[in-house]
Amino acid sequence: MPNLSYVNPSQNSPWGTYLSQVDRVVPYLGGLARWAETLRRPKRCLIVDIPIELDDGSVAHYEGYRVQHNLSRGPGKGGIRFHPDVTLEEVMALAAWMTVKTAAVNLPFGGAKGGIRIDPKQLSRKELERLTRRYTSEIGLIIGPDKDIPAPDVNTNAEIMAWMMDTYSMNVGSTATGVVTGKPIPLGGSLGRVKATGRGVFVVGREAARRQNLSLEGARVAVQGFGNVGSSAAELFAGNGAKIVAVQDHTGTVHNPNGLDIAGLMSELHHKGGIGEFAGGEKIGVEEFWDVPSDLLIPAALEGQLGLERAKRVKTQIVLEGANGPTTSDADLMLAERGILVVPDVIANAGGVTVSYFEWVQDFSSFFWTEDEINVRLDRIMVEAFRRIWETADQHRIPLRTAAFVVGCTRVLQAREERGLYP
Ligand code: GLU
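Rules used in this analysis
Residues numbered from 1 in each chain as written. Predicted model: local features only at pLDDT ≥ 70, side-chain atom pairs only at ≥ 80, totals over all residues. Heavy atoms only, no water. 1 Å grid on protein atoms, 1.4 Å probe; cavity = no way out; pocket = protein on both sides within 12 Å on 5 of 7 lines; lining within 4 Å. Points joined across faces, edges and corners; volume = space filled by probe spheres on them. Nonpolar A, V, L, I, M, F, W, Y, C, P; charged D, E, K, R; others polar. Core = buried A, V, L, I, M, F, W, Y, C linked by side-chain atoms within 4.5 Å. Buried < 20%, exposed > 50% of the residue type's maximum accessible area, 1.4 Å probe, protein only. Helix = DSSP H or I, 4+ residues; strand = E, 2+ residues; numbered from the N terminus. Contact = heavy atoms within 4.5 Å. Axes fitted to C-alpha atoms, helices over the stretch in contact; angles between N-to-C directions. Parallel < 35°, antiparallel > 145°, perpendicular 65-115°, else oblique. Left-handed = near helix turned anticlockwise from the far one by under 90°. Near = heavy atom within 4 Å. Polar contact = N/O pair within 3.5 Å; in protein donor to acceptor, adjacent residues only side chain to side chain. Areas by Shrake-Rupley, 256 points an atom, 1.4 Å probe, with all protein chains shown as cover.

**Quick word on empty space enclosed by the protein**
No. 1: Inspection of the entire model under this criterion finds 2 cavities of 30 Å³ or more.
No. 2: Of the pockets and cavities examined, the largest cavity occupies roughly 40 Å³.
No. 3: What lines the largest cavity is Ala-222, Phe-289, Trp-290, Val-292, Ser-294, Leu-297, Val-314, Lys-315 and Thr-316.
No. 4: For the lining of the largest cavity, the residue count by class is 6 nonpolar, 2 polar and 1 charged.
No. 5: Roughly 30 Å³ of volume is contained in the second largest cavity.
No. 6: The wall of the second largest cavity is formed by Asn-12, Ser-13, Pro-14, Thr-17, Trp-97, Glu-303, Gly-304, Gly-325, Thr-327 and Thr-328.
No. 7: In the lining of the second largest cavity, the residues fall into 2 nonpolar, 7 polar and 1 charged.

**Details of the nonpolar core**
No. 1: Among the nonpolar cores identified, the biggest contains 93 residues, and Tyr-18, Phe-237 and Val-343 are the most heavily contacted of them.
No. 2: Considering each element in turn, this core owes the most residues, 12 residues, to helix α2 (residues 88-104).
No. 3: With near-sequence residues (within four places) excluded, Phe-237 lies in contact with Val-201, Phe-202, Gly-205, Leu-216, Val-221, Ala-242, Ile-244, Leu-296, Ile-298 and Leu-320.
No. 4: Counting residues in each nonpolar core, the second largest holds 27 residues, with Ile-50, Tyr-135, Met-161 and Val-179 among its members.

**Here's the deal with the packing of helix α11 (residues 351-365) against helix α12 (residues 371-396)**
The relative placement of two packed helices comes down to the angle between their axes together with the axis-to-axis distance.
No. 1: The interhelical angle for the contact between α11 and α12, taken along N-to-C directions, is 130°, at an axis separation of 10 Å. One element, α11, and the other, α12, form an angle in the oblique class. As α11 runs across α12, the sense of the crossing is right-handed. Only Ile-374, Arg-377, Leu-378, Ile-381 and Met-382 of α12 make contact with α11, whose side of the interface consists of Gly-351, Thr-354, Val-355, Phe-358 and Gln-362.

**Quick word on the site of the ligand**
No. 1: In the neighbourhood of the ligand, 14 residues make up the surrounding shell, with Lys-77, Lys-101, Pro-152, Asp-153 and Ser-356 lying closest.
No. 2: Here an oxygen atom of the ligand and a side-chain polar atom of Lys-77 are 2.8 Å apart.
No. 3: Contacts to the ligand include Arg-193, whose side-chain N or O atom sits 3.1 Å from an oxygen atom.
No. 4: Coverage of the ligand by the protein chains reaches 96% of its 300 Å² of free accessible surface.
No. 5: At the level of elements, β3 (76-83), α2, β5 (148-152) and α11 are the ones that each hand at least two residues to the shell around the ligand.
No. 6: Here the residues of the shell around the ligand sort into 4 nonpolar, 5 polar and 5 charged.

What follows is the structure in structure tokens.
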């Protein structure tokens, strides 16, 4: 039964998945359950038309979104995704997961997300710039350093953040570095931001492994998605003694039970834009990736990749969610039944938004930290957040995802209650 008139989610769609995660947390919210409906409704959804002139002189229109799911604890925070499959419903779910994520890590932000329904690979660099600038101008109504702060997500990067920062700044008449994070370093970006999400995945994975008595030395790691998140995480796992036994990206899948050479994979990625042709392993089929035995499995691509059928088959001890929403709700139950530990996205991939927070703070104070300071503070915040979630899971005997929702949603709804209903 759809909860809102403007979307029609299915059980395993991103918003459907999010709604069932909310259902699972409600019994643990005590008196705050009175406010639970807040979690099921985005505060604000903006849909914009983005007309741009293409290089051949024609005009094309694209659909863009910015959803502010919840602002109870602070300004909206969350990335911008450029992908042909982006929909309002997907952006709503991604924004909602940002609400839970920022609260679970205790960052003073709400949750938001944006996107444009486009395949950016079809555009020239100049067209991409025009698209980004027009989109930024359109969502300029609701973003700002103290209102809502975008950042990179799938297919967006520091260069796109620079265009966003410039466009917003031109429109308000002053340079507003704090309006986006993930910027280039000379424009107020933070050291360590590019690899922060992958670093956070590693830190949380290390903590989870320790509690499972799994040594990283020789541990087998399989990574789906070898973009910014998957590749940075894989590098850190390999650097700490683990073996990367399988990697999959949009160009193919490679497998080597003795461990793929990480430096070779990185160079393949940089030179060819994908690892599908990497010679240091055996090429296997897309589905076969899910059968590769591993100790840690890191889905770091898009939502919904680990559905029920794959959840019945995977041979791993820990699923470490680098992507947002990679595990469907029924798959979650199956993995729990099979005794596989799922470390949920809202904590596992929170390293990116944590360093985004550091960037925003540095921009406001115009005082910049060293990369070492960033990494040490990131480690500390992630370890503490994970500890709290682990203890909550232990206390109530619930999966880590529900525990992360208990920690996050309690903070959100406490703020909601203390602020009171207006008017
Ligand atoms: N897109 C990232 C995420 O999903 C980072 C968001 C941010 O830095 O605001 O967490």
